[in-house]
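# Observations on the model geometry
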Amino acid sequence: MWRHRSIPSHMKTLYLLPYLSSSSSTSPSLSTNTIKAIRTLFSLSSNPSSSTLLPPSPHSLSLPQTLILRPTSHPSNYNPPITHGFGFLLAKCVSSISSAHTVDWNEPVSYSEDGDSNSGGVSEEDTKSSIPVRAFFFSTSVDLRRLVEQNKPNFIPPTSRMTNYVVLRFGNEKPGPNGLGANLSGSDCCFMVVFQYGSIVLFNVRDHKIDGYLKIVEQHASGLLPEMRKDEYEVREKPALNTWMQGGLDYIMLQYLNIDGIRTVGSVLGQSIALDYYVRQVDGMVAEFTDINRGMEKTGTFTMERKKLFQLVGKANSNLADVILKLGLFERSDIAWKDAKYAQIWEYLRDEFELTQRFASLDFKLKFVEHNIRFLQEILQNRKSDFLEWLIIILISAEILISVYDIAHRSAITHL
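Now for a quick tour of the structure. This is a predicted model, so every value here is computed, not measured. (Residues numbered from 1 in each chain as written. Predicted model: local features only at pLDDT ≥ 70, side-chain atom pairs only at ≥ 80, totals over all residues. Heavy atoms only, no water.)

### Here we look at the overall build of the protein
Worth spelling out the cut-off: Counting from the N terminus, the helices are DSSP H or I runs at least four residues long and the strands are E runs at least two residues long. To sort residues, take the accessible area from a 1.4 Å probe on protein chains only and compare it with the maximum for the residue type: under 20% means buried, over 50% means exposed, and anything in between is partly exposed. Whether two residues are in contact is decided by their heavy atoms: any pair within 4.5 Å suffices. The Shrake-Rupley method, run with a 1.4 Å probe, gives the accessible areas here. Residue values count only the displayed protein chains as cover.
Tallying secondary structure elements over the protein gives 12 helices and 10 strands in all. Taken over 416 residues, the protein has a buried fraction of 36%. A sequence separation of at least 24 residues applies to 73% of the contacts in the protein between residues at least 6 apart. Accessible surface for the protein amounts to roughly 26100 Å². Of this, 56% is attributable to carbon and sulfur atoms.

Below, the structure is given as structure tokens:
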């Protein structure tokens, strides 16, 4: 049974030499024609740039480089005709093409229709349609009213009842496909979403311009943090996408990105970066109580002041209130309520950034902090009760001593 095999280049010529010898002994004219063909072949081999041997067409999608041999049936008395000389020429030509192009016969080479091999990476179209999204959190409060008053030309009026954020646009938009979307990719237009609780989300802002936009918000911010938190994401526009949206690793692909999409994406990223800050705050409290518990394990007591404990109580309660009330972590976006497309984006990004799971982890840590606070409060209360009890005992003892002294003094006067 025949199989596809790869034949070395030197065997392609030697394999057909017996037919050449038999044919040359049969006909002198054939030998003369064969010698001419060999001379022509050697001249072509010495000049690979000749136009006789053309390279493969760049428009071909794939060039299988494995030689395929197919059997042919012939009668038992069949004698090879004079075309064996042409077979020798064909074999040598194949060998010349293989050596000239230095292609491995065992490895297929794929070509695109433009002649470039498929690299398997991110296409140039995806790179051009990429919109960088960066989220920042460096303060706990922003005066949105003053911010809008000083940036009225850039302010975009809200389309929903949500009043805890504003959207500012800088630059000119590029017309979108069929009049849809902002089409930020490839344009100088950028957007900034600022939230009242301190988060800032920048769309399509270049690295060297980030500080300038952050300073605009910093003038109206309060409760500045010693360390700014930062997160990065990416939105890709692809009008030819079969579905409305498609998720990927650290990016989301949309048919187009308009102002409602910016509000939706910005709201989730703003909540995520702020939630990360509050999680770190609670982690700090958990670490502090862990150290207290380890100290109690070694010494059997603790030395925390009552004022410090009350400060931790206030910090834990304020963090929980900020996450629920200020961030609006469980409030669904109004845009997502109105349009199912943006509800799909909102739900996907919440799952992507694991907002529900992270809040559950935060709530569990706060319960741990609450349990430790209650335990330490009971200890401090018991200490206070013990102090009062001892004070009462001392007062009673003092009163008894005074009474005994008074009785003894009176009895002494009576005997006199």
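Now, onward.
### Things to note about the sheet that holds strand 8 (residues 221-237)
Formally: If DSSP finds at least two bridges between two strands, the strands pair. Interaxial angle, 0 to 180 degrees, is taken between N-to-C directions of lines fitted to C-alpha atoms, where a helix line uses only the stretch in contact.
Ordered in space as 4-5-6-7-3-8-10-9, the eight strands form an open sheet in which the pairing is mixed. The open sheet terminates on both sides in strands that have one partner only, identified here as strand 4 (155-156) and strand 9 (245-248). As paired strands, strand 5 (residues 165-170) and strand 6 (residues 190-195) are joined by six bridges and run antiparallel to one another. Looking at the pairing, Tyr165 lines up with Phe195 of strand 6. Most of the contacts of helix 8 (residues 259-299) go to strand 8, to which it runs at about 135 degrees, and overall it touches strand 3 (130-142), strand 4, strand 5, strand 6, strand 7 (199-203) and strand 8.

### Focus: the nonpolar core
Stated precisely, the cut-off is as follows: As used here, the term nonpolar core means buried Ala, Val, Leu, Ile, Met, Phe, Trp, Tyr and Cys residues forming a set that is joined through side-chain atoms within 4.5 Å.
Grouped together as the largest cluster of nonpolar side chains are 65 residues, with contacts concentrated most on Phe203, Ile345 and Leu376. Broken down by element, this core gets its largest block of residues, 16 residues, from helix 8. With residues up to four places along the chain from it excluded, the contact list for Leu376 reads Phe289, Ile292, Met296, Phe302, Met304 and Leu309. Of all hydrophobic cores here, the second largest spans 20 residues; its members include Phe136, Phe138, Val142 and Leu168.

### Regarding the pairing of strand 10 (residues 251-254)
What you see with strand 10 is no split at all: Tyr251 and Met253 on one side and Ile252 and Leu254 on the other are buried throughout. Examined bridge by bridge, strand 8 and strand 10 share three bridges and lie parallel to one another. Bridged to Glu237 within strand 10 is Leu254. Two strands pair when backbone bridges link them, and strand 9 and strand 10 are joined in this way by four bridges, in the antiparallel orientation.

### Remarks on the packing of helix 9 (residues 306-326) against helix 12 (residues 355-415)
Threshold: Each angle receives one of four descriptions, namely roughly parallel if under 35 degrees, roughly antiparallel if over 145, roughly perpendicular if within 65 to 115, and oblique otherwise. Left-handed describes a crossing whose near helix is turned anticlockwise from the far helix through less than a right angle; right-handed describes the clockwise counterpart.
One way to put it is that helix 9 packs onto helix 12 with a least axis distance of 10 Å and a crossing angle of 155 degrees. As far as their axial angle goes, helix 12 and helix 9 are roughly antiparallel. Handedness of the crossing formed by helix 9 with helix 12: left-handed. Two secondary-structure elements touch here, helix 9 through Arg306, Leu309, Phe310, Leu312, Val313, Ala316, Leu320, Val323 and Ile324 and helix 12 through Phe359, Leu362, Leu366, Val369, Ile373, Leu376, Gln377, Leu380 and Gln381.

### Section: the side chain of Arg236
The condition that has to hold: Side-chain atoms alone can form a polar contact between residues adjacent in sequence; in general such a contact is a pair of N or O atoms within 3.5 Å, and within protein one must be able to donate a hydrogen while the other accepts it.
Residue position: Arg236 is located in strand 8. Since its relative accessible area comes to 11%, Arg236 is described here as buried. A polar contact is formed between the side chain of Arg236 and the side chain of Glu234, at a distance of 2.9 Å.

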